[in-house]
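Single-letter residue listing:
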Amino acid sequence: MLPVVLRTERLVLDLPVETDTELVAHYCADPLFLKYLTTPWPYTTEHARAFLTEYIPVAWDSGDELTWAIRRADGAPLLGVIGLRRDHEIGFWLGAEHRGEALMAEAATAVSEWALGGAVAGAETLLWRANEGNLASAHVARAAGFRRITPRIATVPGRDGRTLAAWHAERRAEVEPDAYASWEPILGIVA
Ligand SMILES: CC(C)(COP(=O)(O)OP(=O)(O)OC[C@H]1O[C@@H](n2cnc3c(N)ncnc32)[C@H](O)[C@@H]1OP(=O)(O)O)[C@@H](O)C(=O)NCCC(=O)NCCS
């Protein structure tokens with residue numbers, strides 16, 4: 001697939017490029033990534049460059065993973081990244097200095113509506129998974145219209161081949177009426 005640009009009220013989602021290398025390397029050195037993601041650790045500039053110049057373009061081309069840079073405007077610095085894998089699982093991160101403005105909820109809503117609106121063939125349901133305890137990610141999924149589900153085996157891949165206990169959720173084109181309430185057991189009643 002050719003890279004697609006998505007626009008929201010505050011954001012432009014476009015192709016991450018080599019000039020984003022230093023920022024990606026900086027953001028991915030966040031200890032929260034060691035805890036909640038499987039990005040390399042310690043994360044180097046070379047990891048960032050390979051991600052941007054090798055992995056992302058090839059994965060767009062094959063459709064294995066569609067990865068967008070999150071920016072405030074065309075040509076503006078990268079704030080974070082959001083991706084959608086071939087198996088329709090969504091994943092995301094923001095640089096620590098850009099959290100707290102619900103930017104990821106906006107980006108995840110845009111990617112979900114785009115994918116479920118017919119742009120990704122066969123995508124009727126998107127999947128979100130996060131390590132148990134990743135409350136910020138759960139808030140994003142709830143805000144983006146995902147409904148929490150409890151599969152019999154609820155796991156997510158961890159580091160070094162480990163399997164970790166996880167929260168799961170799904171999103172369909174039309175947000176399901178019980179989606180928001182489904183988060184109550186982990187996020188409580190108040191938003
Ligand atoms: C997940 C992530 C992108 C969220 O960033 P963000 O969109 O800026 O998040 P915000 O700060 O706007 O917070 C979103 C919600 O989470 C809540 N929240 C944020 N941090 C929290 C924390 N540590 N504990 C509990 N709630 C938290 C906020 O109150 C907000 O809730 P609301 O919108 O329902 O009021 C960011 O935390 C991140 O990059 N984390 C590291 C990578 C990661 O874990 N990615 C997801 C892997 S599944």
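Numbering of residues starts from 1 in each chain and follows the order in which that chain's sequence is written. Side-chain atom pairs in this predicted model are given and counted only at pLDDT of 80 or more, local residue features only at pLDDT of at least 70, and totals for whole chains, interfaces and linings cover all residues. Water and hydrogen atoms play no part in the side-chain values, which are based on all heavy atoms of the structure.

## Focus: the nonpolar core
To keep things clear, this is the line we draw: The nonpolar core is taken to be a set of buried Ala, Val, Leu, Ile, Met, Phe, Trp, Tyr and Cys residues, with the residues joined through side-chain atoms within 4.5 Å. Burial classes follow relative accessibility: with a 1.4 Å probe on protein chains only, a residue under 20% of its type's maximum area counts as buried, one over 50% as exposed, and anything between as partly exposed. Numbering of helices and strands runs from the N terminus; a helix is a DSSP stretch of H or I covering at least four residues, while a strand is a stretch of E covering at least two.
Formed by 50 residues in total, the largest nonpolar core has its most connected members in Leu-13, Val-24, Trp-68, Ile-82, Trp-128 and Phe-146. No other element matches the nine residues that helix 4 (residues 103–119) contributes to this core.

## Notes on the pattern of salt bridges
Short version of the rule: What makes a salt bridge here is a side-chain nitrogen of Lys or Arg within 4 Å of a carboxyl oxygen of Asp or Glu, nothing more.
What the rule picks out here adds up to 14 salt bridges. Its salt-bridge partner being Arg-71, residue Asp-20 comes within 2.8 Å of it at the nearest N-O pair. Residue Asp-20 is found in the loop between strand 2 (12–14) and helix 1 (21–27), and its partner Arg-71 is found in strand 3 (residues 65–71); the two are separated by 51 residues along the sequence. Like Arg-71, Asp-20 is buried. Of the charged contacts in the structure, one is a salt bridge between Asp-30 and Arg-99, with a shortest N-O distance of 2.8 Å. Taken together, the residues span a long stretch of sequence, with Asp-30 in the loop between helix 1 and helix 2 (31–36) and Arg-99 in the loop between strand 5 (89–94) and helix 4 at a distance of 69 residues. What makes Asp-30 buried here is its relative accessible area of 15%. For Arg-99, a relative accessible area of 33% translates into the label partly exposed.

## Notes on the side chain of Arg-148
Defined as follows: Under this rule, positive means Lys or Arg and negative means Asp or Glu; His and the chain ends count for nothing. Contacts between residues were defined by any pair of non-hydrogen atoms, one from each residue, lying within 4.5 Å.
Relative to the helices and strands, Arg-148 resides in strand 7 (residues 147–149). At 6.5 Å, Glu-132 is the nearest oppositely charged side chain to Arg-148, a buried residue that forms no salt bridge. Leaving out residues up to four positions away in the same chain, Arg-148 has contacts with Trp-167, His-168, Ala-169, Ser-182, Trp-183, Pro-185 and Ile-186.

## Some thoughts on the UniProt feature "domain: N-acetyltransferase" (unreviewed entry) in the protein chain
Quick note on the threshold: UniProt positions are given in the numbering used here, feature names are shortened, and annotations may be inferred rather than shown by experiment.
The feature "domain: N-acetyltransferase" (unreviewed entry), as given by UniProt, occupies residues 10–147 in the numbering adopted here. With 41% helix and 22% strand, the stretch residues 10–147 has end C-alpha atoms that lie 25 Å from each other.

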